[in-house]
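Structural overview
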Amino acid sequence: MFTSQTSSFQESIDVDERDVDFDNEEIAGFSQKIQQINSYYAIYYYQNTSLILLEDSLPSDAEPELRSYISRRLSKGALLGGMGNIATVELSIPEQAVGCYCCLLEQEKSPEQPEADGNGWVVCLLGGSEKGLNLFRIELDKYVQGLQGCLTPEMHNLETDVRPYLNQWYEESVMHIHRVVQLLQANVGYLLHAALSHKLVEVTGTDEKTKADVARFIKAASLQGLVQEDTTTASLCKAMSEDSHTNLIINCSTSPPTLTNEVSNRFCDDWIQAFLNAAERFNPFLLRQILENFKLKAIQDMNNLKRFIRQAEMSHYALFRCCLFLQSCGNGDVLLQNARAEHSSFPEACGIINVLEEFLGEQAQGTLY
């Protein structure tokens, strides 16, 4: 039982580049400087079924090919207003085939301009692979929506606002996880533990961009919204956040950053090297896949613990198996914290959790679970 558990855990860490559609040439490219990664953009005004190019960063031969592709998508009704669409396109660029994120931002309708109905802007962001961009769909949607207030039919602010904004899409939407891992290095395990255990993270001694990067990393690593939560769990999260004595504080005024109230466990520590290896390759897509696998493994362990607790209410042997599971998974503190919140209204389950906490406390002898 526990051999297969360990094997499954190792498989979840050992993410192969092929899992995110990288071939050998791409992997070799990611081992070089990050500045060599190519990303592109294009923005069109869509009016009466016509596409008018406003701005792009593509080679001259590639833009007409992209425009033809978008026209076909629009004619098939494949681009819906405000919803990003990701696919692979083949263009006359060094990479030839790249992932392409397209989003139609519809022009606001008004009685004064009824002819504007159906008009809008098509924003295209290109780089990496289709599967890689899909890992960042939420970030890409949010980034493109940030353009909505800047877009007008006249586009007088094209050079001052729109072009600089689109130039930064890859850096802002894809590279934030990489920047955080590069910042914290082996201390990234403390951030992973904070995300799983609902701890508030304070970042000091740095600019707003770094603070935002850490906040987005925490949100991406958190299980909130992915696991079953009730009002008690929400209260736990709020209580943890309001307890300033447990806040993880990252002081970036020193190099490397200094951490206060840092807590981790074996589960989080076991993932550190996978993050560092992907960051060393400058591979943001692999980093995101590793982060998703980290969350998936934590959810699987939470579900296993809930099943064991139900069984332990009727069997002492099941209780023993539950203890062994918590010891082997290395994430006992986080799992029991969440289990206690979820089972707070079930006295028998709370009794089981009390026994488990006492058992692990005795076994730990002052070490982390």
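Just above sits the structure.
Here the residue numbering is sequential within each chain, running from 1 through the sequence in written order. Local features in a predicted model are, by the rule used here, given only for residues with pLDDT of at least 70; side-chain atom pairs are given and counted only at 80 or more, and totals for whole chains, interfaces and linings are based on all residues. Side-chain numbers come from the whole structure's heavy atoms, not from hydrogens or water.

Looking at the pattern of salt bridges
When charged atoms on two side chains of opposite charge get close, those side chains can pair. Any carboxyl oxygen of Asp or Glu within 4 Å of a side-chain nitrogen of Lys or Arg constitutes a salt bridge here. Scanning all chains against the criterion turns up 10 salt bridges. Notably, a salt bridge pairs R163 with E55, separated by 2.8 Å at the nearest N-O pair. Taken together, the residues span a long stretch of sequence, with R163 in helix 6 (residues 158-167) and E55 in strand 2 (residues 50-56) at a distance of 108 residues. Between R67 and E63 there is a salt bridge, and its shortest N-O distance comes to 2.9 Å. On the criterion of helical spacing, the pair formed by R67 and E63 is a turn pair, its members being 4 residues apart in helix 3 (residues 62-75). Per-residue accessibility, obtained with a 1.4 Å probe over protein chains only, is compared with the maximum for each type, and a residue is labelled buried under 20%, exposed over 50%, and partly exposed between these values. Overall, R67 belongs to the partly exposed group, its relative accessible area being 29%. Overlapping salt bridges bring together E139, R288, E292 and K295 as one network. Helix and strand definitions here come from DSSP, where helices need a minimum of 4 consecutive H or I residues and strands a minimum of 2 consecutive E residues; each element is numbered from the N-terminal end.

Quick word on the packing of helix 14 (residues 284-312) against helix 15 (residues 316-329)
Geometrically, a packed helix pair is captured by the angle between its two axes and the distance between the axes. Lines fitted to C-alpha atoms define the axes, with helix axes restricted to the stretch in contact, and inter-axis angles between N-to-C directions lie between 0 and 180 degrees. Contact geometry of helix 14 with helix 15 gives a least axis separation of 8 Å together with a crossing angle of 160 degrees. The pairing of helix 14 with helix 15 is recorded here as roughly antiparallel in orientation. The two elements helix 14 and helix 15 cross, and the hand of that crossing is left-handed. Of helix 15, the residues touching helix 14 (which contributes D301, N304, L305, F308, I309, Q311 and A312) are A318, L319, R321, C322, F325, L326 and C329. A breakdown of the residues in the contact of helix 14 with helix 15 according to their chemical character gives 10 nonpolar, 2 polar and 2 charged. Angle categories are assigned with fixed cut-offs, so that under 35 degrees is roughly parallel, over 145 is roughly antiparallel, 65 to 115 is roughly perpendicular, and the rest are oblique. Left-handed describes a crossing whose near helix is turned anticlockwise from the far helix by less than a right angle; the clockwise case is right-handed. Contacts were defined at the residue level, with two residues in contact if any of their heavy atoms lie within 4.5 Å. When residue character is reported, Ala, Val, Leu, Ile, Met, Phe, Trp, Tyr, Cys and Pro are called nonpolar, Asp, Glu, Lys and Arg charged, and the others, Gly included, polar.

Some details on the sheet that holds strand 6 (residues 201-204)
Following DSSP output, two strands are said to pair if at least two bridges run between them. Judged by pairing direction, the sheet is mixed, and its 3 strands sit side by side in the order 6-7-8 without closing on themselves. This sheet does not close on itself; its edge strands, each paired only once, are strand 6 and strand 8 (258-260). Averaged over all neighbouring strand pairs, the angle between strand axes comes to 15 degrees, with direction disregarded. In terms of strand pairing, strand 7 (residues 248-251) meets strand 8 through 3 bridges, oriented antiparallel. What sits directly across from I250, in strand 8, is L259.

Section: unusual backbone geometry
Between S255 and the following residue, P256, the backbone shows a cis peptide bond with an omega angle of 0 degrees. With respect to the secondary-structure elements, P256 resides in the loop between strand 7 and strand 8. Positive phi values are uncommon outside glycine, yet Q96 reaches one of about 65 degrees. Residue Q96 is classed as exposed on the basis of its relative accessible area of 56%.

Overview of the packing of helix 8 (residues 176-184) against helix 10 (residues 208-221)
Packing of helix 8 against helix 10 brings their axes to within 9 Å, and their N-to-C directions diverge by 105 degrees. Taken as axis vectors, helix 8 and helix 10 run roughly perpendicular relative to one another. Across the interface between the two elements, H176, I177, R179, V180, V181 and L183 from helix 8 touch K209, T210, D213, V214, R216 and F217 from helix 10. Within the contact of helix 8 with helix 10, the residues separate by chemical class into 6 nonpolar, 2 polar and 4 charged.

Remarks on the state of the cysteines
Note on terminology: disulfide denotes any pair of cysteine sulfur atoms within 2.5 Å. For the structure on display, the rule yields 0 disulfides. With no disulfide of its own, C100 lies closest to C102 among cysteine sulfurs, the gap being 3.4 Å. By relative accessible area, which is 1% here, C100 ends up buried.

A few points about the pairing of strand 3 (residues 85-90)
As judged from the 6 bridges shared by strand 3 and strand 4 (residues 97-106), these two strands associate in the antiparallel manner. Within the sheet, the bridge partner assigned to E90 lies in strand 4 and is A97. In this antiparallel pair of consecutive strands, strand 3 and strand 4, the connection spans 6 residues, and Q96 shows a positive phi of 65 degrees.

Digging into the pairing of strand 6
Each regular strand shows side chains that alternate between the opposite faces of the sheet. Judged by which residues are buried, strand 6 turns out to be one-sided: V201 and V203 face inward and are buried, whereas E202 and T204, on the alternate face, are not. As paired strands, strand 6 and strand 7 are joined by 4 bridges and run parallel to one another. Across the sheet, residue T204 finds its bridge partner in strand 7, namely N251.

Let's talk about the environment of V181
Positionally, V181 belongs in helix 8. Here the alpha-carbon distance between V181 and A279, two residues 98 residues apart in the chain, equals 6.8 Å. In contact with V181, other than residues within four places in its own chain, are V188, F217, F275, L276, A279 and L287.

Quick word on the packing of aromatic side chains
Geometrically, a pair of aromatic rings is defined through the distance of the ring centres and the angle of the planes. Here a pair means two rings of Phe, Tyr or Trp (six-membered ring of Trp) with centres within 6.5 Å. Their orientation is stacked below 30 degrees between planes, edge-to-face above 60, and tilted elsewhere. The full count for this structure, using the stated rule, is 10 aromatic pairs. On the basis of an interplanar angle of 70 degrees and a centroid distance of 6.4 Å, the ring pair of Y170 and F285 is categorised as edge-to-face. Here Y170, found in helix 7 (residues 169-173), pairs with F285, found in helix 14; they are 115 residues apart in sequence, far enough to count as distant. Between the NZ or CZ atom of R288 and the centre of the ring of F136, over which it lies, the distance is 5.0 Å. Directly above the ring of F308 sits R307, whose terminal nitrogen or CZ lies 5.2 Å from the centroid. Two conditions define a charge located above a ring, namely a distance within 6 Å from the ring centre to NZ of Lys or CZ of Arg, and an angle within 35 degrees of the ring normal.

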